[in-house]
Amino acid sequence: MDTVTQMLLGATVAQAGFRRRLGRRALAVGAGLALIPDLDVAAGWIGGPFANWVHHRGLTHSILFGPVAGLLFGWLIWLWQRRRHGPDSPSGDGEARRAWIWLAILALMTHPVIDVFTSYGTQWLYPLATTRFAINAMPIIDPVYSLILAVSLAAGVALRRRAALAQDIAGAALILVSAYTLGGWAINDRVEAIARAQTRDEAEVTTKVTAYPTLFQPLLRRVVAETPDAVLVGFHSVLGDGAIRWERFERGRSPAIQAVAATPEAEVFRWFSMDSLIWREQPLEGGRRLVQALDHRYGMPGVSSLGFWGIRAVVDPAGRLVGPVETFQTPRDASRAAWQDLWVRIVGTGPADRTVDAD
């Protein structure tokens, strides 16, 4: 999830469980602690996009990180409070120490727990394993989810002298966003079932059907149906009952693609995308070929419907790479017409079913 939502969730956990003991400063601490796991993006600033793919949502997003790091962070925060207010103050006793440690553990753990409900993939078991886990329930940015948390925090801050009521409001908000997340998971399962039923009559065999959340709302799902020879991409809203309009993208197979696929960079991308790749190529001057692989888990209607990002390289007629394997991003249409089209799809009045050959 986005940084703001992560901080709101950490602060809400603090308000629900620790404000009465630790005061309102616990909200700021909870928000700051919930942000810490995303500091692993520094790997991308230093090592580039491939390093970011490898390390982001790695160690700091493991379910083991919160309990271990939380002990240290909680103790340090308690020590700071003890020195600031004195060892004989309520902030310096053993009960306060336990509260700060538990707040640190829980705030840190909210981060990987909510991230696993997005499609990006989270290394929950790192360093024991580098397997990426993902539940396609929530978009990375969901204003409704964030608003629920923000309203509960605002109410809690306004209730300065009614900490118990503020705690109850925060607890209710946590229950509500949990139900909202599970509802998104259920929506995804429903859309996948609809897509499977609609592709069952296709002449070619569909090997895998996966629905993914789209940005800003839970209703519209992007559906990817994989076949041995192509990837079909469509969109379906739970508010509509029409057939899915599929775009068809042929899979590329050639010696040039095999040459790029054998590189270490391609192996990293395959792991990062959780094997959700489609390879394509196009001719260039002098007999060279531009080979591209796209991660088809993310996309929006229009020019980026097949994916937001990928890797590419140029291969000469002898099958040798010309230059390094590099990352790229597809352009995204942010025009008014694109947003209107997205809204039409959300309310379920999009175009009728047909399969379009996008190649």
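Just so we're clear, the structure is a prediction, and the values are computed from it rather than from any experiment.

**Q** How do you make sense of the overall build of the chain when you look at a structure like this?
**A** Within the chain one finds twelve helices and nine strands. Projected onto its principal axes, the C-alpha positions of the chain cover 80 × 45 × 35 Å. Buried residues in the chain amount to 49% of all 359 residues. Within the chain, counting contacts between residues at least 6 apart in sequence, those at least 24 apart form 59% of the total. In the structure as shown, the chain presents an accessible area of about 16900 Å², 61% of it carried by carbon and sulfur atoms. Taking the average place of the 36 positive charges on the side chains of the chain and the average place of its 32 negative ones, the gap between the two points comes to 11 Å.

**Q** Help me understand the packing of aromatic side chains, please; the structure alone is not making it clear to me.
**A** By convention here, two paired aromatic rings are described through the distance between centres and the angle between planes. In the structure shown here, the tally under the stated rule is 13 aromatic pairs. Where phenylalanine 216 meets tryptophan 339, the ring centres are 5.8 Å apart and the plane angle is 35 degrees; that geometry is what we call tilted. Residue phenylalanine 216 is found in the loop between strand 1 (208–213) and strand 2 (220–226), and its partner tryptophan 339 is found in helix 12 (residues 336–346); the two are separated by 123 residues along the sequence. In this structure phenylalanine 216 comes out as partly exposed when scored by relative accessible area, which is 33%. Three or more aromatic residues joined by ring pairs make a cluster, and in this case those are Phe50, Trp53, Tyr120, Phe269, Phe272, Tyr298, Phe308 and Trp309. Here arginine 297 stacks its cationic end above the ring of phenylalanine 272, 5.0 Å away from the centre of that ring. Directly above the ring of phenylalanine 308 sits arginine 332, whose terminal nitrogen or CZ lies 4.0 Å from the centroid.

**Q** I'm lost on the sheet that holds strand 8 (residues 321–329) in this one. Help?
**A** Through backbone hydrogen bonds, the strands of a sheet pair up, either in parallel or in antiparallel fashion. Pairing in this open sheet of four strands is antiparallel, and the strands run 5-6-7-8 from one edge to the other. Single-partner strands in this sheet number two, and they are strand 5 (277–283) and strand 8. Strand after strand, the sheet turns through a mean of 20 degrees between neighbouring axes, direction not considered. Note: strand 6 (residues 289–295) against strand 7 (residues 309–315), six bridges, orientation antiparallel. Counterpart to glutamine 292 in the pairing with strand 7 is arginine 312. Here helix 11 (residues 264–272) sits on the sheet in contact with strand 5, strand 6, strand 7 and strand 8, set at roughly 160 degrees to strand 7.

**Q** I tried to follow the side chain of glutamine 81 on my own but got confused; where do I start?
**A** Structurally, glutamine 81 is set in helix 6 (residues 65–85). With residues near it in sequence (within four places) discarded, glutamine 81 still touches Arg25, Gly86, Ser91 and Trp100.

**Q** Would you explain the packing of helix 3 (residues 25–35) against helix 7 (residues 94–115) in this entry?
**A** Think of two packed helices as two axes; the pair is described by the angle between the axes and how far apart they sit. Contact geometry for helix 3 and helix 7: axes closest at 8 Å, N-to-C directions at 40 degrees. Between helix 3 and helix 7, the angle is such that the two are oblique. When you trace helix 3 past helix 7, the crossing you get is right-handed. Packed against helix 3, whose contacting residues are Arg25, Ala26, Val29, Gly30, Leu33 and Ala34, the element helix 7 presents Trp100, Leu103, Ala104, Ala107, Leu108, Thr110 and His111 at the interface. Of the residues assigned to the contact of helix 3 with helix 7, the class counts are nine nonpolar, three polar and one charged.

**Q** Which parts of the structure should I look at to understand the pairing of strand 5?
**A** The side chains of a regular strand alternate between the sheet's two faces. Examined bridge by bridge, strand 5 and strand 6 share seven bridges and lie antiparallel to one another. Across the sheet, residue arginine 280 finds its bridge partner in strand 6, namely glutamine 292. Following strand 5, the chain reverses through five residues before pairing antiparallel with strand 6; glycine 286 in that reversal takes a positive phi of roughly 75 degrees.

**Q** Explain the packing of helix 1 (residues 3–17) against helix 8 (residues 143–158) to me, please; I cannot follow it from the model alone.
**A** Following both chains from N to C, one finds helix 1 and helix 8 inclined at 40 degrees, their axes separated by 9 Å at the closest point. The orientation of helix 1 with respect to helix 8, classified from their angle, is oblique. When you trace helix 1 past helix 8, the crossing you get is left-handed. Residues Thr5, Leu8, Leu9, Ala11, Thr12 and Gln15 of helix 1 pack against Tyr145, Ser146, Leu149, Ala150, Ser152, Leu153, Gly156 and Val157 of helix 8. For the contact of helix 1 with helix 8, the per-class residue count stands at eight nonpolar, six polar and no charged.

**Q** What should I look at first to understand the pattern of salt bridges in this one?
**A** Once their charged atoms are close, side chains differing in charge can pair, the charge on each being opposite to the other. Here the structure, examined in full by the defined rule, presents 13 salt bridges. With a closest N to O distance of 3.7 Å, arginine 253 and aspartate 229 form a salt bridge. Here aspartate 229 lies in the loop between strand 2 and strand 3 (230–237) and arginine 253 lies in the loop between strand 4 (246–250) and helix 10 (255–261), a separation of 24 residues in the sequence. A salt bridge links aspartate 295 to arginine 297, with the shortest nitrogen-to-oxygen separation between them at 2.7 Å. Beyond isolated ion pairs, a larger network of salt bridges with shared partners links Arg21, Asp93 and Glu95.

**Q** Even after reading the chapter, I still don't get the confidence of the model for the chain, so can you show me in this structure?
**A** Interpreting fine coordinate detail is not advised for predicted regions of low pLDDT. When the pLDDT values of the chain are averaged, the result is 91; 95% of them are 70 or greater. Here strand 9 (residues 355–357) stands out as the least confident element of the chain, with mean pLDDT 55; helix 11 is the most confident, with 97.

**Q** Explanation requested: the pairing of strand 8 in the structure shown.
**A** For strand 7 and strand 8, the ladder comprises six bridges, and the chain directions are antiparallel. Its bridge partner being in strand 8, isoleucine 311 is matched across the sheet by threonine 327. Hairpin connection, strand 7 to strand 8: the antiparallel pair is bridged by five residues, and glycine 319 has positive phi, about 85 degrees.

So, how was this worked out
Residues numbered from 1 in each chain as written. Predicted model: local features only at pLDDT ≥ 70, side-chain atom pairs only at ≥ 80, totals over all residues. Heavy atoms only, no water. Helix = DSSP H or I, 4+ residues; strand = E, 2+ residues; numbered from the N terminus. Buried < 20%, exposed > 50% of the residue type's maximum accessible area, 1.4 Å probe, protein only. Contact = heavy atoms within 4.5 Å. Areas by Shrake-Rupley, 256 points an atom, 1.4 Å probe, with all protein chains shown as cover. Lys, Arg positive; Asp, Glu negative; His and termini not counted. Charge placed at Lys NZ, Arg CZ, Asp CG, Glu CD. Phe/Tyr/Trp six-rings, centres within 6.5 Å; stacked < 30°, edge-to-face > 60°. Lys NZ or Arg CZ within 6 Å of the ring centre and 35° of its normal. Pairing = 2+ DSSP bridges. Axes fitted to C-alpha atoms, helices over the stretch in contact; angles between N-to-C directions. Parallel < 35°, antiparallel > 145°, perpendicular 65-115°, else oblique. Left-handed = near helix turned anticlockwise from the far one by under 90°. Nonpolar A, V, L, I, M, F, W, Y, C, P; charged D, E, K, R; others polar. Salt bridge = Lys/Arg side-chain N within 4 Å of Asp/Glu carboxyl O. pLDDT = per-residue confidence, 0-100.

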